[in-house]
Every structure is written in structure tokens, then in C-alpha cells.
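Coordinate inspection notes
Residues per chain are reported as follows:
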Amino acid sequence: MEKMPYREELDTQTVTASSRWQAVTSDWRAGLPVLCGKNVVLRELRLSDAPSLLAMLTTEEVTRFISPPPTTVEGFERFILWTHRQRASGSYVCYAVVPDGCNDAVGLFQVRQLDPTFGTAEWGFALGSPFWGSGIFAEAARLVVNFVFDTVGTHRLEARAAIANGRGNGALKKLGAVQEGILRKSLFRHGLYLDQVLWTILDEDWHLAKTGWPPRIH
Ligand SMILES: CC(C)(COP(=O)(O)OP(=O)(O)OC[C@H]1O[C@@H](n2cnc3c(N)ncnc32)[C@H](O)[C@@H]1OP(=O)(O)O)[C@@H](O)C(=O)NCCC(=O)NCCS
């Protein structure tokens, strides 16, 4: 994560930013709203999620193409407290993915601002592999994208996925993200620099796609 601006900077920017930003009012910085789907609930991380996150997100298949996660329960607890501080500062959001029948998080969606108004943002996500291909990702991702566009006020959401990450790229494509380019040698993993695909979703495309117009041509 890059260095985040100080609270004072954010306050100033809120006053001087575009009218679009000023029109968005929400107290998500005080605590994330719970987002409910048919088979999944998204909520703020809790310290009690740490053991489950350690079990789900530190396996070889999950970590292959992402920044290395913490390696201990205590490390995840520190991460969880950090997510709360970042959310309170208004620069970052982290949702826990809790499928029906579970109490604890089995995955995460992280969104961070790329500009001081959160107009552009970057997201990343990971799910425990027992839940891959279950439909949980697509359902949770739609809830997160709706939240980011409608409540946070973002208009452009970026994601980066290593070219070799078949599931990561497949998941983004399925959501309707657009491939804008290749970021050469932009991710260092396991002693190698990997090329990544830059994927984007714009709020206007997202809302149009929800109305079903224009129809998709395959
Ligand atoms: C990324 C992640 C959250 C997606 O969740 P998921 O449940 O695996 O995603 P889905 O199954 O809904 O979608 C993946 C799609 O990619 C497709 N896919 C799988 N392997 C593929 C490959 N090698 N090439 C192309 N597409 C592939 C799948 O078939 C699926 O599409 P379908 O539903 O039309 O069959 C999950 O795989 C994960 O946590 N991966 C590890 C962390 C990670 O890489 N995060 C992404 C960083 S960008």
C-alpha cells in the first residue's frame, strides 16, 4: 500500500473536490454497511476472522499471484486493525466474505483510493480455494462494485491480475471488466517480475450493463 494522505489533507480535498464527490454522502468511514446477497454476506473484518483467514488465504494456490499475506494469526489480527484505521481515514475499504453457513471470513475484497477523492480506485480480492467456482465470487464482487460506485462515489475501478493468473483474469472478464493494457514486469513474486493485465470498470458501463442495454454481442 502507498502512503495515505493525512486526515487534514483529506478534509481539505473534500471541500475543494468536484461536485460529484460532494454529492456523495455516507458514513461508511465510521463503519461499513453490511451487504447481503443470496448466498453471501459482506461485512467489516473482525479480529475473530484471523484464524479462518490464515487457513484460507495462505495456501500456495491462493498466494501464487498476489502480494504475500500475513503468516500468523497475530499478523492477520494486526492487518484487521489496520483495515479499520484505513477505513476510518477514508482511503480504503476491506470487506470480509462470509458465505451462508459460515461465521468467519473465507475471503476478502480490498479497495483503495488512487486519488484523494476516491474517484479512481483499485480493488483486489482473494477467496479460500474451497469456495472457488462456487458463484460466491461473482455475487460478492457485484455487491462490492455497487457499493464502490453508489456509496463511495468512485467512477473508475482498476484491477491488476498477473497474465498467468487464469482464474483472476477469468473472474474479471466475466464481471464485464475491460482489458486496457499490459503492465510489464509490474509484480515481483517468487523471484520473478510478472506482467499484469490492467482491467477497469467504469460506473457508467456498470449501470448500463445492469439495465441490459446495449445488449452484449458475443
Ligand atoms: C480470483 C478469485 C477470487 C476468483 O474466484 P473464483 O471463484 O475462482 O472465480 P469464478 O470461478 O467465479 O471465475 C473464474 C473464471 O475463470 C475461469 N478460468 C479458470 N481458469 C482459467 C484459465 N486458466 N484461463 C481462463 N479462464 C479461467 C473459470 O472457468 C471461471 O469462469 P466460468 O465461471 O465462466 O467458468 C479466486 O480464484 C482467488 O481467490 N484466487 C487467488 C487470489 C487471486 O488470484 N486474486 C486475484 C488477483 S487479481
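Residues numbered from 1 in each chain as written. Predicted model: local features only at pLDDT ≥ 70, side-chain atom pairs only at ≥ 80, totals over all residues. Heavy atoms only, no water.

Notes on the overall build of the protein chain
The helix and strand inventory of the protein chain stands at 8 helices and 8 strands. When burial is assessed residue by residue, the protein chain has 44% of its 218 residues classed as buried. Excluding contacts between residues fewer than 6 apart, the proportion of contacts in the protein chain whose partners are at least 24 apart in sequence is 64%. Looking at the protein chain as shown, the accessible area adds up to about 11600 Å², and 56% of this sits on carbon and sulfur atoms. (Helix = DSSP H or I, 4+ residues; strand = E, 2+ residues; numbered from the N terminus. Buried < 20%, exposed > 50% of the residue type's maximum accessible area, 1.4 Å probe, protein only. Contact = heavy atoms within 4.5 Å. Areas by Shrake-Rupley, 256 points an atom, 1.4 Å probe, with all protein chains shown as cover.)

As for the site of the ligand
Around the ligand there are 18 residues in total, and Phe125, Leu127, Asn165, Arg167 and Lys174 lie nearest to it. Residue Trp132 places a side-chain N or O atom 3.3 Å away from an oxygen atom belonging to the ligand. Between Lys174 and the ligand, the recorded distance is 2.7 Å, taken from a side-chain N or O atom to an oxygen atom. Look at the ligand: alone it shows 950 Å² of surface, and the protein chains cover 70% of it. Broken down by secondary-structure element, the contributors of at least two residues to the shell around the ligand are β5 (120–127), β6 (156–162) and α7 (166–175). (Near = heavy atom within 4 Å. Polar contact = N/O pair within 3.5 Å; in protein donor to acceptor, adjacent residues only side chain to side chain.)

Focus on the confidence of the model for the protein chain
Scored by pLDDT, the protein chain comes out at a mean of 89, with 85% of its residues at no less than 70. Confidence drops under pLDDT 50 across residues 1–25; counting only partners more than four residues distant or on other chains, this segment forms 34 contacts. (pLDDT = per-residue confidence, 0-100.)

Quick notes on the packing of aromatic side chains
Each aromatic ring pair is described using two quantities: the centre-to-centre distance and the angle formed by the ring planes. Across all of its chains, the model carries 11 aromatic pairs by this definition. With a centroid separation of 5.8 Å and 15° between ring planes, the pair formed by Phe109 and Phe137 is classed as stacked. Pair noted here: Phe109 is in strand β4 (residues 107–113) and Phe137 is in helix α6 (residues 136–152), with a separation of 28 residues, a long-range link. Here Phe188 and Tyr193 contribute two aromatic rings whose centre-to-centre distance is 4.7 Å and whose plane-to-plane angle is 50°, an arrangement assigned as tilted. By relative accessible area, which is 48% here, Phe188 ends up partly exposed. (Phe/Tyr/Trp six-rings, centres within 6.5 Å; stacked < 30°, edge-to-face > 60°.)

Details of the packing of helix α3 (residues 50–57) against helix α5 (residues 73–89)
Orientation of α3 relative to α5, taken along the N-to-C sense of each, is 110°, at an axis distance of 8 Å. In this view, α3 runs roughly perpendicular relative to α5, as classed from their interaxial angle. As α3 packs across α5, the resulting crossing turns out to be right-handed. On α5, the residues that touch Ala50, Pro51, Leu53, Leu54 and Leu57 of α3 are Val73, Phe76, Glu77 and Ile80. (Axes fitted to C-alpha atoms, helices over the stretch in contact; angles between N-to-C directions. Parallel < 35°, antiparallel > 145°, perpendicular 65-115°, else oblique. Left-handed = near helix turned anticlockwise from the far one by under 90°.)

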